[in-house]
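# Structural overview
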Amino acid sequence: MNLRAETDFLLKKYNLKAKKSLGQNFLISEEIVNNIVEVAGVSNEDTIIEIGPGLGTLTSKLAENAKEVIAIELDDSMITVLTERFSLYDNVKLIHADVLKTDLKELIKDKSSVKVVANLPYYITTPIVMKLLEENLDIVQITVMVQKEVGERFTATPNGKEYGAITVSINYYTEPSIVIDVPRDNFDPVPDVDSCVVNLKVRKERVELKNEKNFFKVIKAAFSQRRKNIGNSLVGVGKSKQEVKEMLDTLKIDSNLRAENLSLENFAQIADYIS
Ligand code: SAM
């Protein structure tokens with residue numbers, strides 16, 4: 001049975017409709033499912049965290065290739081489907097929970113080679129990705145389907161309008177790349193947007209910082225007034241206008257630049273100076 005037919009069959013069998021409020025757009029392309037597993041380099045040594053397994057389409061392919069799949073799903077009706085579908089698998093562990101409220105560190109405490117692979121619910125993409133990164137989990141890679149625009153923001157380079165606070169944060173923790181473009185007709189129901197799969201390779205070594213909190217404070221201040229030059233937008237981050245000018249002169253950063261012109265290293269220099 002192809003995935004479109006399988007998705008239809010499961011929804012009918014369990015008398016379900018996709019819930020928009022939970023971001024339920026099911027993948028119906030076998031090719032994309034196979035590509036995701038391939039670009040994530042899933043092997044039998046890997047433990048996979050899957051967020052939002054839904055009807056289990058990606059889950060079953062992951063389970064064929066990985067050592068173990070820990071699948072976290074919020075929706076009661078999906079859990080009913082998944083419990084039946086994977087009852088005979090000994091390497092699929094279902095967690096019925098909100099991923100944003102789940103203690104992921106505890107879940108993977110004895111595991112090695114942990115990767116996250118998921119078709120994310122789009123209404124909470126950024127909170128999920130930032131949770132995975134900010135909790136400093138012992139994971140090697142995050143391979144996730146996201147809205148195309150979000151993927152472009154994650155992977156943007158300086159000087160463009162896509163480059164923002166989230167780009168700098170993602171680049172601080174990972175090396176991001178877009179690995180698959182996914183047009184909207186690969187989902188049921190068809191969403192209003194196109195998608196892409198991003199690969200976030202978690203950095204073993206990050207840019208060195210004296211104080212991580214200051215780094216994020218500087219990024220937030222600079223991008224929350226992104227039309228202003230940094231000589232102005234950084235006033236208030238513990239500094240007066242004169243102090244900001246002196247700092248930028250010392251660091252040899254032009255105060256007429258805007259946040260979008262600064263590299264991750266520039267933000268690190270500024271944060272270290274303030275610290
Ligand atoms: N993996 C399936 C697929 O590719 O066909 C479904 C992906 S669908 C885009 C997103 C899934 O995330 C849905 O099954 C939805 O119920 C689930 N979900 C939504 N919010 C969640 C949350 N806070 N925690 C865990 N799962 C959630």
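Further up the page is the structure itself.
Rules and cut-offs
- Residue indices follow the written sequence of each chain, beginning from 1 at its first position.
- In keeping with the model being predicted, local features are shown solely for residues with a pLDDT of at least 70 and side-chain atom pairs are shown and tallied solely at 80 or more, while totals for entire chains, interfaces and linings include all residues.
- Only hydrogens and water are set aside; all other atoms, that is, all heavy atoms of the structure, feed into the side-chain values.
- We call a residue buried when its accessible area falls under 20% of the maximum for its residue type, exposed when it is over 50%, and partly exposed in between, using a 1.4 Å probe and counting protein chains only.
- Comment: elements are numbered from the N terminus, with helices defined as DSSP H or I runs of at least four residues and strands as E runs of at least two.
- Starting at the helix axis, one direction is taken to each C-beta atom, and the arc is that of these directions.
- Residues are treated as being in contact if the distance between any of their heavy atoms lies within 4.5 Å.
- Within this scheme, the nonpolar core is defined by two criteria: the residues are buried Ala, Val, Leu, Ile, Met, Phe, Trp, Tyr or Cys, and they are joined through side-chain atoms within 4.5 Å.
- Two strands pair under a simple rule: DSSP has to find at least two bridges between them.
- Seen with the strands pointing away from the viewer, any crossover whose path from the first strand over the helix to the second strand runs clockwise is right-handed.
- We call Phe, Tyr and Trp rings a pair once their centres come within 6.5 Å, taking the six-membered ring for Trp, and we label the pair stacked below 30 degrees between planes, edge-to-face above 60, and tilted otherwise.
- Nearness is judged by heavy atoms alone; a residue qualifies as near a molecule or strand once a single heavy atom is within 4 Å of it.
- Between N or O atoms, a polar contact is any pair within 3.5 Å; within protein, one atom must be a potential hydrogen donor and the other a potential acceptor, and residues adjacent in sequence are included only when both atoms are from side chains.
- Per-residue accessibility takes into account occlusion by the displayed protein chains alone, with areas from the Shrake-Rupley method and a 1.4 Å probe.
- Any residue outside Ala, Val, Leu, Ile, Met, Phe, Trp, Tyr, Cys, Pro, Asp, Glu, Lys and Arg is labelled polar, Gly included; the first ten of those are nonpolar and the last four are charged.
- Each axis is a line fitted through C-alpha atoms, taken for helices only over the stretch in contact, and angles between the N-to-C directions span 0 to 180 degrees.
- Should an angle fall under 35 degrees it is taken as roughly parallel, and over 145 as roughly antiparallel, whereas 65 to 115 is taken as roughly perpendicular and any remaining angle as oblique.
- Here is the rule for handedness: rotate from the far helix to the near one, and if that takes an anticlockwise turn smaller than a right angle the crossing is left-handed, while a clockwise turn gives right-handed.

Our next topic: helix α11 (residues 241–251). Restricting attention to buried positions, one finds in α11 the residues V244, M247, L248 and L251. Angular distribution of buried residues about the axis of α11 spans 95°; they occupy a single face of the element. Where α11 is buried, its residues touch α10 (230–233) and α12 (264–274). K252 lies just past α11 and shows a positive phi near 60°.

Turning to the nonpolar core, a few remarks are in order. Judged by nonpolar contacts, the single largest core of 57 residues is most densely connected at I51, L132, F215, L234, F267 and I270. Setting aside chain neighbours within four positions, we find L234 in contact with V218, A222, V244, M247 and I270. In this structure, Y14, V33, V81 and F86 belong to the second largest nonpolar core, which totals 33 residues.

Bringing the pairing of strand β2 (residues 47–51) into the picture now. Burial analysis of β2 places five of its five residues in the buried class, the great majority of the element. Of the two faces of β2, the one holding T47, I49 and I51 and the one holding I48 and E50 are both buried throughout. Sheet topology places β2 next to strand β3 (residues 68–73); five bridges connect them, and they run parallel. Each bridged residue has a counterpart across the sheet, and for E50 the counterpart in β3 is A71. Read as a crossover between parallel neighbours, the route from β2 over helix α3 (residues 57–65) to β3 is right-handed. Of the strand pairs in this sheet, β2 and strand β5 (residues 114–119) are connected by three bridges, and their pairing is parallel. Note that in β5 the partner of I48 across the bridge is K115.

In this section: the pairing of strand β4 (residues 92–96). Sheet analysis places β3 next to β4, joined by five bridges and oriented parallel. Of the residues in β4, the one forming a bridge with I72 is I95. Tracing the backbone out of β3, into helix α4 (residues 76–85) and back to the parallel element β4 gives a crossover that is right-handed.

The way to describe two aromatic rings as a pair is by their centre distance and the angle between their planes. Scanning the entire structure with this criterion turns up eight aromatic pairs. Aromatic pair Y172 and Y173: ring centres 4.9 Å apart, planes at 65°, arrangement edge-to-face. No difference in accessibility class separates Y172 from Y173, as the two residues are buried. Each ring, one from Y172 and one from F216, has its centre 5.8 Å from the other, and the planes form 80°; the classification is edge-to-face.

Take the site of the ligand next. The full set close to the ligand counts 22 residues, and L27, G52, E73, N119 and Y123 are the nearest of them. In this structure, G52 approaches the ligand through a main-chain N or O atom, which is 2.8 Å from a nitrogen atom. If the ligand stood free it would expose 590 Å²; the protein chains cover 99% of that surface. If you list the elements that add at least two residues to the shell around the ligand, you get β1 (26–27) and β3. In terms of residue class, the shell around the ligand is built from twelve nonpolar, six polar and four charged.

Each pair of packed helices gets described by two things: the angle between the helix axes and the distance between those axes. Their axes nearest at 11 Å, the elements α11 and α12 cross at an angle of 125°. Here α11 is positioned oblique relative to α12, judged by the angle of their axes. As α11 packs across α12, the resulting crossing turns out to be right-handed. Contact residues: E246, M247, L248, T250 and L251 in α11; Q269, I270, Y273 and I274 in α12.

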